[in-house]
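Structural features, examined
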Amino acid sequence: MPTDPSTTPQAATPQAASPSATILSVVVPMYNEEAVLPALVARLRPALDGMAVGYEVVAVDDGSQDRTAELLTGFRAEWPELRTVRLRGNSGHQAALTAGLHGAVGAYVASIDADLQDPPEKIPEMLALARTEGLDIVYGVRDDRSTDTAFKRRTAGAYYWLVRRLVGKQVPAQAGDFRLLSRAAVEAVKSMPDQHQVYRLLVPWLGFPSGQVSYRREERVAGETKYPLNRMIRLGVDSIVNFSAAPLRLATWLGVASFFGCLLMVAATLVVYLAGKTVPGWTSLFIVMLFLGGVQLICVGLLGEYIGRIYTAVQRRPTFFVGYDSARGTEREGD
């Protein structure tokens with residue numbers, strides 16, 4: 001059974017770096033990552049130790065059901081810069097990322113997934129670029145996705161093409177959640193009241209000075225993907241609905257198109273009637289009813305999606321609950 005850090009005596013807990021001495025925070029959301037954790041630590045720690053700056057690693061355990069929490073506790077005993085934040089339940093990848101960003105204390109905050117598809121060795125390069133060029137945002141951009149399946153490459157390409165068309169060209173193509181933010185950018189993100197955060201769109205929306213670091217996307221080192229098809233679809237819906245009113249305009253144009261389509265059918269019906277060639281029939285009427293009913297349902301569904309998000313925003317329920325934070329030793333509520 002995993003040991004609960006909340007029962008560990010204070011003297012046995014490694015001391016985290018003070019906020020003033022922490023230049024870099026690295027946020028790592030994770031869910032059921034026991035298989036990949038040893039490899040992650042083996043690559044992440046040398047990359048950060050070699051930077052010669054004060055840092056912390058904020059590992060956010062998103063309600064894992066395996067030995068992730070137990071392994072993190074063991075690694076903390078030998079790695080004082082490792083900080084564990086444990087959520088009370090599985091709140092989702094973006095919520096876990098939010099918990100890490102809100103708790104990080106570094107002057108710069110990098111985020112990276114635990115699967116090692118994004119190379120942690122690029123983090124020093126991202127920090128150096130941000131400090132040298134005075135940038136608030138540095139994106140990790142995948143310039144080679146040959147290790148992904150053809151289906152993954154096509155769906156990812158379609159996603160970025162669509163969001164760039166709807167949201168704007170400021171969204172970097174092939175940039176996921178591997179990025180580095182300055183403290184100013186982090187505070188700006190924290191001030192946003194969004195309930196369904198999609199950081200790959202929210203961060204570019206800020207318009208802060210930014211740069212890019214390219215890398216080759218690797219295969220997952222171990223474990224299973226946490227973004228199956230249904231979550232990819234959900235991410236696409238959140239991205240479009242949260243950052244664009246285009247679906248509402250689509251509903252309007254569908255209504256306009258159906259109206260003019262009905263006018264054409266009315267005109268055609270009158271021509272046939274005046275020619276004396278009308279025959280009783282139900283096929284055309286049935287088709288028209290199906291067409292109008294389908295358009296109406298699409299429009300109602302789009303409106304419902306937006307109204308549902310307004311309802312969620314008005315309620316202002318926390319998107320996550322922190323059960324334990326090793327840097328504080330206390331429980332706190334999420335945002």
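Calculation criteria
Residues numbered from 1 in each chain as written. Predicted model: local features only at pLDDT ≥ 70, side-chain atom pairs only at ≥ 80, totals over all residues. Heavy atoms only, no water. Buried < 20%, exposed > 50% of the residue type's maximum accessible area, 1.4 Å probe, protein only. Helix = DSSP H or I, 4+ residues; strand = E, 2+ residues; numbered from the N terminus. Pairing = 2+ DSSP bridges. Contact = heavy atoms within 4.5 Å. Right-handed = clockwise from strand over helix to strand, strands pointing away.

Among the 8 residues that make up strand β5 (residues 137-144), 6 are buried, leaving the element largely enclosed by the rest of the structure. As paired elements, β5 and strand β6 (residues 175-182) share 4 bridges and run antiparallel to each other. Bridge pairing in β6 links valine 138 to leucine 180.

Time to look at the environment of glutamine 212. With respect to the secondary-structure elements, glutamine 212 resides in strand β7 (residues 210-216). Between the alpha carbons of glutamine 212 and isoleucine 137 there is a distance of 8.4 Å; along the sequence they are 75 residues apart. When residues no more than four places from it in sequence are discounted, the contact partners of glutamine 212 are Leu129, Val138, Tyr139, Val141 and Pro172.

Even without being glycine, alanine 52 reaches a positive phi, approximately 60 degrees. Looking at the element boundaries, alanine 52 is found in the loop between α1 (37-49) and β2 (55-61).

Another aspect to go through is helix α7 (residues 199-206). An α-helical turn contains 3.6 residues, so any two residues separated by three or four positions project in the same direction. For α7, the tally of buried residues reaches 7 of 8 residues, placing the bulk of the element in the interior. Within α7, the full set of buried residues consists of Tyr199, Arg200, Leu201, Leu202, Val203, Pro204 and Leu206. Following α7 by one or two positions, glycine 207 has its phi on the positive side, about 75 degrees.

Of all 6 residues in strand β3 (residues 82-87), 5 are buried; the element is thus mostly enclosed. The pairing of β2 with β3 spans 5 bridges and is classified as parallel. Looking at β3, one finds that valine 58 is bridged to arginine 83. Following the backbone out of β2, through helix α2 (residues 68-76) and into the adjacent parallel β3, one traces a crossover that is right-handed. Two elements, β3 and strand β8 (residues 321-325), share 3 bridges in a ladder whose sense is antiparallel. Following the sheet pairing, valine 85 is matched in β8 by aspartate 325.

For the rest of this paragraph, the subject is the environment of leucine 292. Mapped onto the elements, leucine 292 comes out in helix α10 (residues 283-315). Linking leucine 292 and cysteine 262, residues 30 residues apart in sequence, is a C-alpha distance of 8.9 Å. Once you skip the residues sitting within four places of it in the chain, leucine 292 turns out to touch Ser258 and Cys262.

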